[in-house]
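Summary of the model geometry
Spelled out from the first residue to the last, the chains are:
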Amino acid sequence: MKKKLTALIMAVVMAVAIVPLNVSEVHAYDVGFTGRDCTTSSVAASTIDYITAKYKLYSTWKGSGQCWGYAEKINSLLGASTYTISCKRKWNKTNIKELLVGTKAGAHVRIENAERGFYHSIVILKCTEDEVIWTDGNFDYNNGIRYTRQSFDSFVSFRNDGSTYITQVKKVKNYKHHKEPLLATKLKGTKVGLYWTKVKDATSYKVYRAASENGTYKRIATTTYRNYVDSSAPIGKKMYYKVVAVKSSGNVKSNIASGTRKLPNPTGVKASNSKISGKIMLSWNKVTGASSYKIYRYNPSKDAYVIVKTTTNLSYFDSDSAKVGQGYYYKIKAYSGTTKSYSSGVCIDGIVRPARPVNVTVAQTSETNVNPTITWSKVTGATEYIVLRAYSPTGTFSTVGYVKASEGCSFEDRGVQQDLLNNGEAYYKVRAYYNEWLSGADSKTVHYLYTPPAVVK
């Protein structure tokens, strides 16, 4: 049992390790922060909220210069004036504390390791001796935007190999007051979140919405905040927004940004296994407003999720998930045919288990040998079987036999004779395993009635 438990733990670790980067919505990077978490400056905080909406997590930086160009852009959005420290300081706790702790949000940090050909730019949004929040535009994949929130020690270990250097820090001296609101949108749950930069001397902001970019804009809100969540937009239809900053010297308009409300994601998403075949079964709760659900499965050769089923049911049996011990990765989206809206989707993984053994029988081994012999049909993909015994149909079943698949599909229970003399009967079940750690469902219970051995004359 200890061996099986150890194998099970290792299998879980390996299953986590092989999850593709875009599988789950749970990533290594904690992006749960707002501008207020980064700075006490309301000017900079509103700009950071705009930045995270404009340059979304895992979107692609479309400007020039890759990580350098992205860092310069973020630095220029936050800084009205900047100054540059050129140096060659080792990437270690002492130098990072001296150069970065307490710096204003927006510092462009250049990191280099010429021996390994490593050159990278990041932007510090917050750096204390407890926590660092930073962003970069070319780390996980080509021009991919990332936001990271982590402890100071974890940040130090990011490149702490003894041969990496900080060669430049472009610091923000004063935060920038933007002349007009810079507006961007991103989903906030199923709603459209609007975020814009603070305008100096603005007393309030008016939020407008239209059904087309050049359509008629109607005011939907007036607020003193630098953000607004639109929960009344029609689901599945792209809407267009602009913000007007109200000032005594004259109102100023923002750019136009668009956003689309989504259906809510399915909840209660589960991956289980068919008791008969061991294949993967997905299930989820009903989504209000959804007319159907689309199931996608990750295709390693295409490095993408490919649609495998559209259904109106609240479950899906993946009959193609054939290989025992193989993990499969899915994304389930709710879909509305009337609004042509998808939810963003929920990712889940499942693993194929061995099928339930069938054709299980038990019989007396021979006329003179009353030991029960249990037989069953071969289970595809199984590497071993265990045989379980109890002395009543509802009793506790205990393992009495272990059979490698290469040894066949039968087991003689040699340790039961005295118990049979006392009880008169026994009950058996068989369970298939894959590499000792992944089990299928138990077979049906079979009954053995003790018969005294024949008398040999």
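Presented here is a report on the structure given in the accompanying data block. (Residues numbered from 1 in each chain as written. Predicted model: local features only at pLDDT ≥ 70, side-chain atom pairs only at ≥ 80, totals over all residues. Heavy atoms only, no water.)

1. Let's talk about the overall build of the protein chain
Scanning the protein chain from terminus to terminus reveals seven helices and 30 strands. On C-alpha atoms alone, the protein chain measures out to a radius of gyration of 32 Å, which is more than a quarter above the 23 Å that the 2.2 N^0.38 rule sets for 457 residues. Expressed as lengths along the three principal axes of its C-alpha atoms, the size of the protein chain is roughly 120 × 60 × 35 Å. Relative to its full complement of 457 residues, the protein chain shows a buried share of 45%. Counted over contacts in the protein chain with a minimum sequence separation of 6, partners at least 24 positions apart contribute 62%. For the protein chain, the exposed area adds up to about 23,000 Å²; of that, 49% sits on carbon and sulfur atoms. Charge-centre separation for the protein chain: the mean point of 64 positive side chains lies 10 Å from the mean point of 32 negative side chains. (Helix = DSSP H or I, 4+ residues; strand = E, 2+ residues; numbered from the N terminus. Rg over C-alpha atoms; globule rule 2.2 N^0.38 Å. Buried < 20%, exposed > 50% of the residue type's maximum accessible area, 1.4 Å probe, protein only. Contact = heavy atoms within 4.5 Å. Areas by Shrake-Rupley, 256 points an atom, 1.4 Å probe, with all protein chains shown as cover. Lys, Arg positive; Asp, Glu negative; His and termini not counted. Charge placed at Lys NZ, Arg CZ, Asp CG, Glu CD.)

2. Section: the nonpolar core
Grouped together as the largest cluster of nonpolar side chains are 26 residues, with contacts concentrated most on I51, Y55, L78 and L125. With six residues, helix 3 (residues 42–54) is the largest single contributor of residues to this core. Every residue in contact with I51, bar those within four places of it in the chain, is listed here: I74, L77, L78 and Y147. Core analysis: the next-biggest nonpolar cluster, separate from the first, contains 21 residues, V360, V362, V379 and C409 among them. (Core = buried A, V, L, I, M, F, W, Y, C linked by side-chain atoms within 4.5 Å.)

3. Focus on unusual backbone geometry
In the Ramachandran plot, D201 falls in the positive-phi region, its phi being about 70 degrees despite a non-glycine side chain. Assessed through its relative accessible area of 58%, D201 is described here as exposed. A positive phi angle, near 50 degrees, is found at N435, a position not held by glycine. Judged by relative accessible area, N435 falls into the partly exposed class, the value being 38%.

4. A short note on the environment of S341
Note on placement: S341 falls in strand 21 (residues 341–342). Separated by 235 residues in the primary sequence, S341 and G106 have C-alpha atoms spaced 36 Å apart. For S341, the residues in contact, after removing those within four places along its chain, are I235, G236, R261, K262, L263, A334, Y335 and S336. Within the structure, S341 has its side chain in polar contact with the backbone nitrogen of L263 (distance 3.4 Å). (Polar contact = N/O pair within 3.5 Å; in protein donor to acceptor, adjacent residues only side chain to side chain.)

5. Comments concerning the sheet that holds strand 7 (residues 183–188)
Read from one edge of the open sheet, three strands run 7-8-11, paired in antiparallel fashion. Taken across any chain shown, the strands that pair with only one partner, and hence form the sheet edges, are strand 7 and strand 11 (227–230). Within the sheet, the average angular offset between the axes of one strand and its neighbour, ignoring direction, is 25 degrees. As paired strands, strand 7 and strand 8 (residues 191–196) are joined by six bridges and run antiparallel to one another. Along strand 8, the bridge assignment pairs T185 with L194. (Pairing = 2+ DSSP bridges. Axes fitted to C-alpha atoms, helices over the stretch in contact; angles between N-to-C directions.)

6. Re the side chain of N75
Tracing the backbone through its elements, the reader meets N75 in helix 4 (residues 66–78). N75 sits in the buried class, given a relative accessible area of 2%. If sequence neighbours within four positions are ignored, N75 has contacts with T82, G106, A107, H108, K170 and V172.

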